[in-house]
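An overview of the molecular structure
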Protein chains: 2
Amino acid sequence: MLRLTLDMDDVMADTHEKLVDIVLKDFNTTLFKKDFESAPMRELLHPKQLTRLRRIMNEPGFFGDIQVKKDARETIYKLSHYYEIYVATAAMEFPNSFKDKFDWLQKHFDFIPWSNIVFCGHKSIIHSDYLIDDHVRNLDAFKGEGILFSATHNLRDKSYRRVGSWNEVAELFLPNK
Amino acid sequence: MLRLTLDMDDVMADTHEKLVDIVLKDFNTTLFKKDFESAPMRELLHPKQLTRLRRIMNEPGFFGDIQVKKDARETIYKLSHYYEIYVATAAMEFPNSFKDKFDWLQKHFDFIPWSNIVFCGHKSIIHSDYLIDDHVRNLDAFKGEGILFSATHNLRDKSYRRVGSWNEVAELFLPNK
């Protein structure tokens with residue numbers, strides 16, 4: 001069975017949407033929700049706002065109530081019949097996120113055993129046939145075949161095969177779909 | 001630079017010693033400290049005692065104050081000049097241990113960057129040239145070259161190259177020692 005490893009934020013979890021909602025609600029900004037659909041946050045926000053956002057992300061609880069990306073649960077469940085599914089998330093960047101991320105996975109993806117969850121920093125450590133991730137730097141570090149999950153911060157990249165939704169992941173990885 | 005990945009419990013941290021101290025102090029037992037030097041806990045303790053011990057291990061704080069194994073810090077620091085050092089610990093087994101384990105590493109091994117810390121379940125996910133671990137099941141799952149760090153639960157195994165101390169790790173991996 002081939003091994004398929006999935007990134008969490010902005011692949012399984014709609015972290016971007018939660019961040020946008022926080023910016024629109026709590027930050028002093030003239031931007032609209034629509035603005036965040038086509039440009040990366042680091043181009044739209046002031047460096048001080050980005051620092052504030054990272055501080056918010058490291059608060060206990062932040063990663064606990066993020067929405068599951070559309071069609072992620074159903075597709076990953078189907079994929080688990082054909083692939084050995086692992087989750088690899090760069091949790092070390094936010095040391096207060098560990099328990100929230102673990103509980104979130106248990107809650108929404110209870111069919112993925114704890115033995116297949118990885119909290120890491122640098123993704124070069126991941127031994128897998130495939131990695132689906134929204135960060136080019138993670139795919140660059142990875143030794144297997146990387147698939148780029150579209151996000152506003154990677155729209156211009158052309159070096160990896162790209163998927164724009166979980167339906168596209170299904171088309172690529174599931175038989176007879 | 002070759003990558004050398006290290007297990008934490010009973011390789012970097014003297015987890016066994018802390019467990020023995022708890023058993024001798026808090027459990028109703030006629031065993032002596034010496035008994036735990038040559039036989040594994042699972043042969044010495046009653047199944048109910050083992051369950052109690054696992055419950056204690058999952059209490060927040062348990063992994064926070066474990067002693068560093070003799071010569072581990074100095075040897076790993078020297079090794080970090082010749083190898084890319086990663087730490088991979090099966091933290092998913094004890095979901096309350098995440099923050100304690102992370103803080104312990106920051107405290108005692110501040111020269112290992114957070115990007116090189118991995119909390120995992122099954123160690124088949126680790127992409128590394130070498131893995132030093134005290135569990136045969138972890139080395140069996142690992143795809144690189146496994147080195148067995150001696151512990152009471154692995155004394156009879158003959159399938160891996162064995163090291164009995166950090167001095168022996170230094171002899172094996174450091175030049176001109």
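All figures in this text were calculated on a predicted structure; none of them were measured in a lab. (Residues numbered from 1 in each chain as written. Chains lettered and ligands numbered in written order. Predicted model: local features only at pLDDT ≥ 70, side-chain atom pairs only at ≥ 80, totals over all residues. Heavy atoms only, no water.)

1. With respect to the pattern of salt bridges
Residue and element names in this part refer to chain A. The tally for this structure, following the rule as stated, stands at 24 salt bridges over all chains. Put simply, Glu93 and Arg54 hold a salt bridge, and the shortest N to O gap is 3.0 Å. Here the residue Glu93 occupies a position in the loop between β2 (84-89) and α5 (98-108), and Arg54 occupies one in helix α3 (residues 47-57), the gap between them amounting to 39 residues. Salt bridges sharing common partners tie together Asp7, Lys123 and Asp133. (Salt bridge = Lys/Arg side-chain N within 4 Å of Asp/Glu carboxyl O. Helix = DSSP H or I, 4+ residues; strand = E, 2+ residues; numbered from the N terminus.)

2. Details of the confidence of the model for chain A
For chain A, per-residue confidence averages 96 on the pLDDT scale, and 99% of positions sit at 70 or higher. Prediction confidence for the complex, expressed as pTM and ipTM, is 0.94 and 0.93 respectively. (pLDDT = per-residue confidence, 0-100.)

3. Remarks on the pairing of strand β1 (residues 3-6) of chain A
As a general feature of sheets, a regular strand has side chains that alternate between the two faces. Residues and elements named next belong to chain A. Burial along β1 is two-sided: the residues Arg3 and Thr5 and Leu4 and Leu6 are all buried. Both β1 and β2 contribute to a ladder of four bridges, which runs parallel. What sits directly across from Arg3, in β2, is Glu84. The pairing of β1 with strand β4 (residues 130-133) spans three bridges and is parallel. If you follow Thr5 over to β4, its bridge partner there is Leu131. (Buried < 20%, exposed > 50% of the residue type's maximum accessible area, 1.4 Å probe, protein only. Pairing = 2+ DSSP bridges.)

4. Let's talk about the layout of surface pockets
Empty space among the atoms becomes visible once a probe the size of a water molecule is rolled across them. What the largest pocket holds in volume is close to 1,200 Å³. Lining the largest pocket are 44 residues, with B:Asp10, B:His16, B:Asp134, B:His135 and B:His153 positioned closest to its centre. When residues in the lining of the largest pocket are grouped by element, the largest group, five residues, is from helix α1 (residues 15-26) of chain B. Split by residue class, the lining of the largest pocket holds 16 nonpolar, twelve polar and 16 charged. Size it by volume and the second largest pocket reaches roughly 770 Å³. Elements represented by at least two residues in the lining of the second largest pocket include exactly α1 (15-26), α2 (41-44), α3 and α6 (136-141) of chain A. With four residues, α3(A) is the largest single contributor of residues to the lining of the second largest pocket. (1 Å grid on protein atoms, 1.4 Å probe; cavity = no way out; pocket = protein on both sides within 12 Å on 5 of 7 lines; lining within 4 Å. Points joined across faces, edges and corners; volume = space filled by probe spheres on them. Nonpolar A, V, L, I, M, F, W, Y, C, P; charged D, E, K, R; others polar.)

5. Overview of the relation of the copies chain B and chain A
One chain copy maps onto the other through a rotation about an axis and a shift parallel to that axis. When chain B is fitted onto chain A, the two copies agree to an RMSD of 0.0 Å after a turn of 180 degrees and an axial shift of 0.0 Å. The superposition of one copy onto the other is thereby described by a two-fold rotation axis. (Least-squares fit on C-alpha atoms with pLDDT ≥ 70 in both.)

6. Quick word on the side chain of B:Asn116
Residue and element names in this part refer to chain B. Turning to its location among the elements, Asn116 is positioned in the loop between α5 (98-108) and β3 (117-119). Relative accessible area serves as the criterion here: at 10%, Asn116 is assigned to the buried category. Other than its neighbours up to four places away in sequence, Asn116 contacts Glu84, Ile85, Tyr86 and Val87. (Contact = heavy atoms within 4.5 Å.)

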